[in-house]
Amino acid sequence: MKSIYLDNAATTQVDKKVVEAMLPYFSEKYGNASSHHLKGQEAKRVLEESRSIIARSISAKDDEIIFTSSGTESNNFALKGLFFANKDNGKNHIITTKIEHDCVLNSCKWLESQGAKVSYLDVDEKGFVNPTDVENTITPETFLVSIIHGNNEIGTIQDIEAIGRICKEKGVLFHIDACQSYTKTKIHVNKQNLDLVTLNAHKIHGPKGIGALFIRKDIKIIPLFHGGGHEKNLRSGTENIPAIVGFAKAVKLAKERDINYVINLRDKFIQGILEIPNTNLNGLKEKRLCNNINVCFNNIEGEAIGGYLDAYGICSSTGSACSSNSLESSHVLKAIGKTDLQINTSIRLSLSKFNTEEEIDYVLKILNKIVEKLRRISPIK
Ligand SMILES: Cc1ncc(COP(=O)(O)O)c(C=O)c1O
């Protein structure tokens, strides 16, 4: 049975061209970028070329990009590193939202145990943060506003221009978690007044276990890892050259692909799903990540739909992969005001450039069948 992968918000298939680009760096080009000999210098060269590709993609300077092991690490570093750099100046207040990825929410929770004050902003029923709320929450103690750019569950793209302007005016640092939005929507660190940006590779057909953090020049941040002083003393640990090469290749390939292809697939898919009776789209159709669909199939368990889809070889998700081990219902759907019943009857389907129109037609056919069957036997009326 052919598998149809509709869980690209969790991770993506690594592009074959990315694998090809990485392979030599596991075999003949295995040098350590800190070594002075030829092999080391070869690694150093490709490390800096890759850094430059990633920097240019968000209009940053090369030396403003630090490689990390993941989006999770970049977010931890941004939040904790800035807290430790600011706490002695009487600045201990962070503003974030209720719809962040767990790695931000749990870092904030931990920081609260270290003396941080954190404001978790509400979002509206479509998942948008009101920039005025950000402005009104800033106090003289605020050092950071940290906002998820494109939401991993419902795809909402926040108005980072407006929030960036406010942060700049108020002299507060602005960090975005762009793991889901990177290469899908424009990021320009100067035009959008961004001070820190979290990126990773595995959401864009790159390898897992590699991330980056843009840190605007001259921002004071305390490193979390101490060692040989790699990455400008900000993140010690031998650089993962194969993964970094793969990351840069994925960014290059993302530039070449036609984003409208995925948008058209998404819109066709949404339209087809909404033709199934008693379904609603979670979030707004506009200002939405090009690959995200999150739908509520009233009266049937999302888990049951997912199970049936899986039996047909179709991979979907009932929420964020990172929290799907827990039985707690989605904090994001809760934050947009969904009831437990609505949350438990929702599923996320996320696309990539590798999906086809035929796949969508097939999945729609299967979904109609599954929903009809499950509604017939559902105890929830
Ligand atoms: C919005 C967002 N932030 C952070 C992460 C964590 O990234 P990583 O899987 O590279 O640790 C993810 C991945 O699920 C994500 O979707």
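In this report, the structure presented in the accompanying data block is examined. The shown structure was predicted, so the numbers you read here are calculated from the model rather than taken from an experiment.

Details of the site of the ligand
Then, number 1: By nearness alone, 15 residues border the ligand, and T72, D177, Q180, H202 and K203 come closest of all.
Then, number 2: The separation between an oxygen atom of the ligand and a polar side-chain atom of N200 is 2.8 Å.
Then, number 3: One of the side-chain nitrogen or oxygen atoms of H202 is found 2.8 Å away from an oxygen atom of the ligand.
Then, number 4: The fraction of the free accessible surface of the ligand (390 Å²) that becomes covered by protein chains is 91%.
Then, number 5: Counting residues per element, the shell around the ligand draws most heavily on helix α3 (residues 71–86), at 3 residues.
Then, number 6: Looking at the shell around the ligand residue by residue, the class counts come to 4 nonpolar, 9 polar and 2 charged.

Concerning the pairing of strand β3 (residues 93–97)
Then, number 1: Burial of β3 is extensive: 5 of the 5 residues sit out of reach of the surface.
Then, number 2: Alternating positions in β3 separate into two faces, H93, I95 and T97 on one and I94 and T96 on the other, with burial throughout.
Then, number 3: Sheet analysis places β3 next to strand β4 (residues 117–121), joined by 5 bridges and oriented parallel. Directly across from I94, in β4, lies its bridge partner V118.
Then, number 4: In this fold, the crossover linking β3 to β4 by way of helix α4 (residues 102–113) has right-handed handedness.
Then, number 5: Across 3 bridges, the pairing between β3 and strand β5 (residues 142–148) is parallel.

Remarks on the sheet that holds strand β9 (residues 279–281)
Then, number 1: In space, the 3 strands of this open sheet follow the order β9-β10-β12, with antiparallel pairing throughout. What marks the edges here is a single partner per strand, and that holds for β9 and β12 (346–350). Neighbour-to-neighbour, the strand axes of the sheet open up by a mean angle of 30 degrees, direction not taken into account.
Then, number 2: Alignment of strand β10 (residues 292–297) against β12, held across 5 bridges, turns out to be antiparallel. Counterpart to N294 in the pairing with β12 is R348.
Then, number 3: Lying over the sheet, helix α8 (residues 259–274) contacts β9, β10 and β12, oriented at roughly 5 degrees with respect to β10.

Cut-offs applied
Residues numbered from 1 in each chain as written. Predicted model: local features only at pLDDT ≥ 70, side-chain atom pairs only at ≥ 80, totals over all residues. Heavy atoms only, no water. Near = heavy atom within 4 Å. Polar contact = N/O pair within 3.5 Å; in protein donor to acceptor, adjacent residues only side chain to side chain. Areas by Shrake-Rupley, 256 points an atom, 1.4 Å probe, with all protein chains shown as cover. Helix = DSSP H or I, 4+ residues; strand = E, 2+ residues; numbered from the N terminus. Nonpolar A, V, L, I, M, F, W, Y, C, P; charged D, E, K, R; others polar. Buried < 20%, exposed > 50% of the residue type's maximum accessible area, 1.4 Å probe, protein only. Pairing = 2+ DSSP bridges. Right-handed = clockwise from strand over helix to strand, strands pointing away. Axes fitted to C-alpha atoms, helices over the stretch in contact; angles between N-to-C directions. Contact = heavy atoms within 4.5 Å.

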